[in-house]
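# Secondary and tertiary structure notes
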Amino acid sequence: MKAAIYPGSFDPVTFGHLDIIKRAAQIFDELTVSVLNNKTKTPLFSVEERVKMLEEATRDLPNVRIESFSGLLIDYARDKNIHVAIRGLRAFTDFEYELQIAQTNRKFSGGDLDTMFLTTSLEYAYLSSSTVKEVASFNGDISQCVPEFVGKLIYQKYGYDR
Ligand code: ADP
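Residues numbered from 1 in each chain as written. Predicted model: local features only at pLDDT ≥ 70, side-chain atom pairs only at ≥ 80, totals over all residues. Heavy atoms only, no water.

### A few points about the nonpolar core
Ranked by internal contacts, the top residues of the largest apolar core, which has 35 residues, are Ile 21, Leu 31, Val 33 and Ile 86. Within the residue set of this core, elements represented by two or more residues are strand E1 (3-8), helix H1 (15-27), strand E2 (30-36), helix H2 (47-57), strand E3 (64-69), strand E4 (84-89), helix H5 (129-137) and helix H6 (148-157). Look past the residues within four positions of Leu 31 in its chain and what remains in contact with it is Ala 4, Ile 5, Tyr 6, Ile 21, Ala 24, Ala 25, Asn 63, Val 64, Arg 65 and Ile 86. With 10 residues, the next largest nonpolar core counts Ala 3, Ile 74, Ile 82 and Leu 113 among its residues. (Core = buried A, V, L, I, M, F, W, Y, C linked by side-chain atoms within 4.5 Å. Buried < 20%, exposed > 50% of the residue type's maximum accessible area, 1.4 Å probe, protein only. Helix = DSSP H or I, 4+ residues; strand = E, 2+ residues; numbered from the N terminus. Contact = heavy atoms within 4.5 Å.)

Right, here's the structure in full:
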């Protein structure tokens, strides 16, 4: 059985992430989307909230499971006996950062963890969780960026009732 992990902050999940999830779920028998509990970032949503949103957004994808982890991805992947990490690429700026992480993970895992990149669908190339949060913080329209129920939760965080 071919399995992969798609790790990320997902703070919150966007249509860009969901596009990568759907496509990876078609390539692999089982996809674990895992929310990274990153102590160095101050997230808008707690890990539990992010897991819940991802569960709801992927409920029609039977081979996708949602988890969370903290610590090193290579340790987490080894524990789960998974050898492929999925990452999405939007622009050249993503590439430089992602290449370094992918090579570090491969080296530090002794070749046990490879990274597979899926390039963004063009309609989501501009989309990032940070942009969505910035627009929502000014009560802007984010309906093209995230599922409706996620949008509601984001506006709530910023004190808007819409
Ligand atoms: P990070 O894990 O770097 O904190 P995110 O949680 O926002 O960032 O993203 C997780 C992964 O999804 C990363 O590989 C990122 O490049 C990818 N990604 C984010 N937004 C998009 C998008 N619009 N299209 C394709 N990939 C994306």
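After that view of the structure, there is still more to cover.
### Focus on empty space enclosed by the protein
One pass over the structure, following the stated rule, counts 1 cavity of 30 Å³ or more. Roughly 50 Å³ of internal volume is contained in the largest cavity. Along the walls of the largest cavity sit Ile 74, Ala 77, Arg 78, Ile 82, Ser 109, Asp 112 and Leu 113, which together make up its complete lining. Each residue belonging to the lining of the largest cavity can be placed in one class, and the counts come to 4 nonpolar, 1 polar and 2 charged. (1 Å grid on protein atoms, 1.4 Å probe; cavity = no way out; pocket = protein on both sides within 12 Å on 5 of 7 lines; lining within 4 Å. Points joined across faces, edges and corners; volume = space filled by probe spheres on them. Nonpolar A, V, L, I, M, F, W, Y, C, P; charged D, E, K, R; others polar.)

### Details of the side chain of Ser 109
Tracing the chain through its elements places Ser 109 in the loop between helix H4 (92-108) and strand E5 (114-119). A relative accessible area of 13% means that Ser 109 is categorised as buried. At 2.9 Å, the side chain of Ser 109 and the backbone nitrogen of Leu 113 are in polar contact. (Polar contact = N/O pair within 3.5 Å; in protein donor to acceptor, adjacent residues only side chain to side chain.)

### So, the packing of H2 against H6
When two helices pack together, their arrangement is captured by the angle between the axes and the distance separating the axes. Taken N-terminus to C-terminus, the directions of H2 and H6 make an angle of 155 degrees; their axes are 10 Å apart at the nearest point. As summarised for this structure, H2 and H6 are arranged roughly antiparallel, according to the angle between their axes. Note on element contacts: H6 touches H2 through Phe 149, Val 150, Leu 153 and Lys 157, opposite Glu 49, Met 53, Glu 56 and Ala 57. Broken down by class, the residue content of the contact of H2 with H6 amounts to 5 nonpolar, no polar and 3 charged. (Axes fitted to C-alpha atoms, helices over the stretch in contact; angles between N-to-C directions. Parallel < 35°, antiparallel > 145°, perpendicular 65-115°, else oblique.)

### Describing H5
Turning to H5, its buried residues number three or more, namely Ser 129, Val 132, Lys 133 and Ala 136. End-on view of H5: buried residues confined to an arc of 95 degrees, all on one side of the axis. The exposed set on the far side of H5, more than 90 degrees from its buried face, consists of Ser 130 and Glu 134. Those residues of H5 hidden inside the fold are in contact with H1 and H6. Asn 139 lies just past H5 and shows a positive phi near 65 degrees. (Arc of directions from axis to C-beta.)

### Section: the pattern of salt bridges
Evaluation of the coordinates by the stated rule reveals 13 salt bridges. Two residues, Arg 78 and Asp 75, come together in a salt bridge whose shortest N-O distance is 3.3 Å. Remark: Asp 75 and Arg 78 occur in helix H3 (residues 73-80); sequence separation between them is 3 residues, near one turn of the helix. Notably, a salt bridge pairs Asp 114 with Arg 106, separated by 3.2 Å at the nearest N-O pair. With relative accessibility at 38%, the residue Arg 106 sits in the partly exposed group. (Salt bridge = Lys/Arg side-chain N within 4 Å of Asp/Glu carboxyl O.)

As far as function goes, none of this settles anything; it's purely spatial.
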